[in-house]
Amino acid sequence: MYTKSQPPAGLPICVTVTLALGVLRMARHQAIVKKLPAVETLGSTTVICSDKTGTLTQNEMTARSVYTLAFPSISFGLTGVGYDVSGVGVGTRKKNGGFLFRSASTERLEDDESDGRRVQRVTESSMEFKAISALFATASICNNASINNNHNNNNNNKHNNANNDNGEKSTMAMGQPTEIALLVGSAKASVPDPRPIYHRLQEIPFSSDRKRMEVRARPVGGAHTCAAFALAARRLPPSGDSNYPISPDGSLYFVKGMPESILGECRTHTAADGSAVPLTEVGKARALSQTRRMAACGLRVLAVAYGPSLECLTFAGIVGMEDPPREGVPESVAQLEKSGVKVLMVTGDSKETAVAIARRCGILEGSHSTSSDQEGDWTTFRRTSLLPEDSSEEEYLDLNSFHPVPHNPLDDVEYGAEFALSGSQLDAIGAHNLPDSIVGVKVFYRVAPRHKLALVRALQQRGEIVAMTGDGVNDATALKAADIGVAMGKGGTDVAKEAADVVLADDNFTTITNAVAEGKGIFFNIRNFLAFQLSTSFAALAMESVATVFGLPSPLNAMQILWINIIMDGPPAQSLGVEPVDAAVLKEPPRKTSDPIVTRALLTRAVSSAALIMFLTLTVFSHELDDGHVTRRDTTMTFMTFVNCDLFNAYACRSSDRCFYEISPFSNPSFLWAMGFSVVGQFAVIYFPPLQAVFQTESLSLSDLLLIVCLSSSVLFLDTVRKKFLQQYCSDSWKGSILRKLRKKKRGVYKNSKKRDGKATGSSGRRKHCSSKSGKTP
């Protein structure tokens, strides 16, 4: 029995098997774990820094809104969903098709509602077409995606929209979703793809630092497809301007990117006839205002421009693309927040877009007190279906129905300092001040990969366990530095996948939530396994010790002790490691990495169970030991009592806070098979003659078995008393429930204080913002 005092021999096996099976379960939920320790570390994660595009959102862009300074009082929109461009823009009624339409300003709409038509389709004969064609032709030339119409019989590309079985043409799209959306928008606007007749001379790819992409190209035949391009190529320099760039070979630069960056390089903008007119400060302000308006609706906004030089561009317009949140993301974020895991958004998009998507995902829900209950909330928009009579009933984004609340500069100061920070603001804050400056910040916008690394280090300095997502080559350092690096399986680079600990096969945020729950469940299962092993070990050791102290013979022989050891380390014990994750486990707060796996509550459960098992076993043994001589019946009754108590104890150890009658007996098939194997093996040891000779046992009557079952089932009664009336001493989750209540109460007090002291909070936010920009500690 000396080996019984050593650490449980089955512990390394159980931990390895439990982690390995956890990896398999995560793989079935689209989370590929590369390192076994990462499974358990997920359960202690306190902060998840997630990318927006493709992780929180669907990464399926749809161009929804268009704006050009040639018609500043008109809003343009696009109908249709998906990437199917077969027959779009020519008046068809295809479900997935679409077209370009125009709607006047709000005042104009109110005058035109009498005839029931609020929008008007834009065709090639419309006066707006020249300006629109310049915009979409630029977006198509500065583009590396491709769209092909194919028959739907042999292709399953991820951007393939072939859904019918009638042999109709469908669309296969390849490339970045943003660029695909621009090509689809061009097709809906009836602007043909000009790239086949252009020769690309130079390309400067998009980068996270520059936030733009440039392409230099010239027409193969010498003639431009768009009137605006032809005018730009042969434009004469102003008198007296010797530095004005010209294009001797007819080539032009085509640029798309962040509106603020593009507008800064533009001198002119496209007019209604395709000519270029000077871009004034008023025009820039209008374009930026419309950019913020689209972004506040949750759209990703890109500006496009063209010109003979990168220093002399003509602003063509802006396009707003919709990328809605993935299904189930708001629920997953809410679950994580309730369990004490903070979710932060890290994106390269603008502040307005990031904030709008963060609110729709629930990341900022309840964090910022705005006038959301008032009409015209700045983060909401409405959809309308008042389309022309010859159109299908499809949804489109009506920006004219969007009315922001009156702008207050103090709101931007407070919001930027308290809940959202940009990459430039992170650069302005010193590294030693960054951990304190990001407290309470939920959204980081216009960030570069280097900012991700700075965020990871700052959060770790605050004692957080950080999970960081990434997909690019430059994200590898941040993924390596994070406690859990999460790479994207579909859109991620090989470098990012190699540096990460976990790879999401479906690029879905809800997969991270499932992985966190699995990590918590694995740790709880290992604790339950230890509770069972320690109680069995303590009971066996105490039983032999008490018998020795009181001068009694050994209740069990060596073979019977070996059989108990097999049960303790065998199938019943191992099956506890694969217990399904309880729904309540996710609500538990993240554990600290310094927390011991063997807690006082676990030892209390183990010792109390061991004491009862020892008492029942010795009671039966002393009752059977009448004449002072140990017989086969004496050891068999004692042996059977101990094993039955052990099996009932294994069932009780399946959960640390739920009673035996609250646990479904069929939720863990592995445990049922293990219990069945143990019961059959125990009966074989008692009733099979060859094994009787080996284990020194004899057959027992039915009344003996009923007596043993009645006595050993009292283990379940003890377990119920502990979980119902002694939770503060015997349950590890009791502290977690108290912490959740305190956190909820604190959150409620915080919300009330925000409502009472809104103005004071705004002024303090301004002071905090100013101090952060100066590099001082807030």
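Quick note: structure is the one above.
None of these values were measured; they are calculated from a predicted model. Counting of residues starts from 1 at the beginning of each chain's written sequence and follows it residue by residue. It should be noted that, the model being predicted, local features are given only for residues of pLDDT at least 70 and side-chain atom pairs only at 80 or more, the latter also being counted only at that level, while totals for whole chains, interfaces and linings use all residues. Calculation of side-chain values draws on the structure's entire complement of heavy atoms; hydrogens and water are dropped beforehand.

### Focus on the overall build of the chain
Stated formally: Helix and strand labels come from DSSP, where a helix needs a run of H or I of at least four residues and a strand needs a run of E of at least two; each type is numbered from the N terminus. Per-residue accessibility, obtained with a 1.4 Å probe over protein chains only, is compared with the maximum for each type, and a residue is labelled buried under 20%, exposed over 50%, and partly exposed between these values. Whether two residues touch is decided by their heavy atoms; if any such pair falls within 4.5 Å, the residues are in contact. Method for areas: the Shrake-Rupley scheme with a 1.4 Å probe, in which residue coverage is limited to the protein chains shown.
Scanning the chain from terminus to terminus reveals 29 helices and 23 strands. Buried residues in the chain amount to 54% of all 778 residues. Sequence-distant contacts, at least 24 apart, represent 71% of the contacts inside the chain between residues at least 6 apart. Accessible surface for the chain amounts to roughly 34100 Å². Of this, 57% is attributable to carbon and sulfur atoms.

### Re the environment of I180
Note on placement: I180 falls in helix α6 (residues 177-188). On a C-alpha basis, the gap between I180 and N144 in space is 8.7 Å, while along the polypeptide they are 36 residues apart.

### Concerning the pairing of strand β4 (residues 75-78)
Threshold: Strands qualify as paired when DSSP identifies two bridges or more between them.
Taking every second residue as pointing to the same face, both faces of β4 are buried, with S75 and G77 on one and F76 and L78 on the other. Relative to β4, strand β3 (residues 62-67) is paired through 2 bridges, and the arrangement is antiparallel. Note that in β4 the partner of S65 across the bridge is G77. Note that β4 and strand β5 (residues 100-103) share 4 bridges and pair antiparallel.

### As for helix α26 (residues 714-725)
Quick note on the threshold: A helix is expected to reach a length of 1.5 Å times the quantity of its residues less one. Here, the arc refers to the directions that run from the helix axis to the C-beta atoms.
When the terminal C-alpha atoms of α26 are compared, their 16 Å separation across 12 residues agrees well with the 16 Å that a helix rising 1.5 Å per residue should span. Of the residues making up α26, those classed as buried are V715, L716, D719, T720, R722 and K723. Angularly, the buried residues of α26 cover 165 degrees about the axis, an arc narrow enough to put them on a single face. Those residues of α26 that are exposed and aimed more than 90 degrees away from the buried face are F717 and F725. Of the surrounding elements, those touching the buried residues of α26 are α21 (600-624), α22 (632-652), α25 (702-712) and α27 (727-730).

### Points about the sheet that holds strand β19 (residues 420-422)
Stated precisely, the cut-off is as follows: Think of each axis as a best-fit line through the C-alpha atoms, taken over the contacting stretch in the case of a helix, with angles from 0 to 180 degrees between the N-to-C directions.
Pairing in this open sheet of 8 strands is mixed, and the strands run β1-β23-β22-β21-β2-β16-β20-β19 from one edge to the other. Two strands close off the open sheet at either side, each with one partner strand: β1 (31-33) and β19. Neighbour-to-neighbour, the strand axes of this sheet turn through a mean angle of 20 degrees, independent of strand direction. For strand β2 (residues 47-51) and strand β16 (residues 342-346), the ladder comprises 5 bridges, and the chain directions are parallel. Residue pairing for β16: C49 is matched across the bridge by L344. Seen against the sheet, helix α15 (residues 449-461) touches β2, β16, β20 (443-445) and β21 (466-470) and runs at an angle of roughly 170 degrees to β21.

### Some remarks on the packing of aromatic side chains
The relative placement of two aromatic rings is captured by the distance of their centres and the angle of their planes. Threshold: For this analysis, a ring pair means two rings from Phe, Tyr or Trp (six-membered ring only for Trp) whose centres lie within 6.5 Å, classed as stacked if their planes differ by under 30 degrees, edge-to-face if by over 60, and tilted for the remaining angles.
Per the stated rule, a full pass over the model turns up 8 aromatic pairs. With a centroid separation of 6.1 Å and 90 degrees between ring planes, the pair formed by Y198 and F254 is classed as edge-to-face. Placement of the pair is Y198 in strand β9 (residues 198-204) and F254 in strand β11 (residues 252-257), with a sequence separation of 56 residues. As far as burial versus exposure is concerned, Y198 and F254 are alike and both buried.

### So, the packing of helix α18 (residues 509-549) against α21
Defined as follows: Convention used here: angles under 35 degrees read as roughly parallel, angles over 145 as roughly antiparallel, angles from 65 to 115 as roughly perpendicular, and any remaining angle as oblique. Each crossing gets its hand from how the near helix is turned against the far one by less than a right angle, where anticlockwise is left-handed and clockwise is right-handed.
Look at α18 against α21: their axes get within 8 Å of each other, and the N-to-C directions meet at 40 degrees. It follows from the interaxial angle that α18 and α21 lie oblique. Viewed along their axes, α18 and α21 form a crossing whose handedness is right-handed. Facing R527, N528, L530, A531, L534, S535, F538, A539, A542, M543 and V546 of α18, the residues of α21 in contact are L602, L603, R605, A606, V607, S609, A610, I613, M614, T617 and L618.

### Observations regarding the environment of R210
Here is the rule: By the criterion applied in these results, polar contacts are pairs of N or O atoms within 3.5 Å in which, for protein atoms, one can donate a hydrogen and the other can accept it, and in which residues neighboring in sequence qualify only through two side-chain atoms.
The topology assignment puts R210 in the loop between β9 and β10 (212-219). R210 has contacts with I204, P205 and S261, leaving out every residue within four places of it along the chain. A distance of 3.5 Å separates the side chain of R210 from the backbone oxygen of P205, its partner in a polar contact.

### Points about the environment of A63
With respect to the secondary-structure elements, A63 resides in strand β3. Sequence spacing of A63 and V301 is 238 residues, and the spatial spacing of their C-alpha atoms is 9.5 Å. When residues no more than four places from it in sequence are discounted, the contact partners of A63 are L78, A181, G185, V319, G320 and M321.

### Structural notes on the nonpolar core
To keep it simple, the criterion reads: Definition used in this section: a nonpolar core is a set of buried Ala, Val, Leu, Ile, Met, Phe, Trp, Tyr and Cys residues joined via side-chain atoms within 4.5 Å.
W563, F639, F642, V643 and L700 are the most contacted members of the largest nonpolar core, which has 45 residues in total. Residue assignment for this core shows that the elements contributing at least two residues are α18, α19 (558-569), α20 (571-576), α21, α22, α23 (669-687) and α25. Within the second largest apolar cluster, 41 residues are counted, among which are A131, A137, A139 and F254.

### Regarding the packing of α22 against α26
This is how it is decided: Gly falls in the polar group here, along with every residue not listed as nonpolar (Ala, Val, Leu, Ile, Met, Phe, Trp, Tyr, Cys, Pro) or charged (Asp, Glu, Lys, Arg).
Interhelical geometry of α22 versus α26 gives an angle of 30 degrees and a closest axis separation of 9 Å. With respect to each other, α22 and α26 are oriented roughly parallel. Between α22 and α26 the crossing geometry is right-handed. Judged by residue contacts, C645, F648, N649 and A652 of α22 engage V715, L716, D719 and K723 from α26. Classifying every residue of the contact of α22 with α26 gives 5 nonpolar, 1 polar and 2 charged.

### Concerning the pattern of salt bridges
Rules: The term salt bridge refers to a side-chain nitrogen of Lys or Arg lying within 4 Å of a carboxyl oxygen of Asp or Glu.
A complete count under the given rule lists 24 salt bridges for this structure. In this structure, E203 engages R200 in a salt bridge whose closest nitrogen and oxygen atoms are separated by 2.9 Å. For R200, a relative accessible area of 30% corresponds to the partly exposed category. A salt bridge links D704 to R633; its shortest N-O distance comes to 2.9 Å. Pair noted here: D704 is in helix α25 and R633 is in helix α22, with a separation of 71 residues, a long-range link. Because the salt bridges share partners, they merge into one network encompassing D51, K452 and D475.

### What to know about a nonpolar patch on the surface
To keep it simple, the criterion reads: What makes a patch is a set of residues exposed beyond 30% relative accessible area and free of salt bridges, joined within 9 Å when like-charged and within 5 Å when nonpolar (Val, Leu, Ile, Met, Phe, Trp, Tyr).
On the surface, F538, I597, V598, L603 and V607 cluster together into a nonpolar patch covering about 340 Å² of accessible area. Of note, L603 is situated in helix α21.

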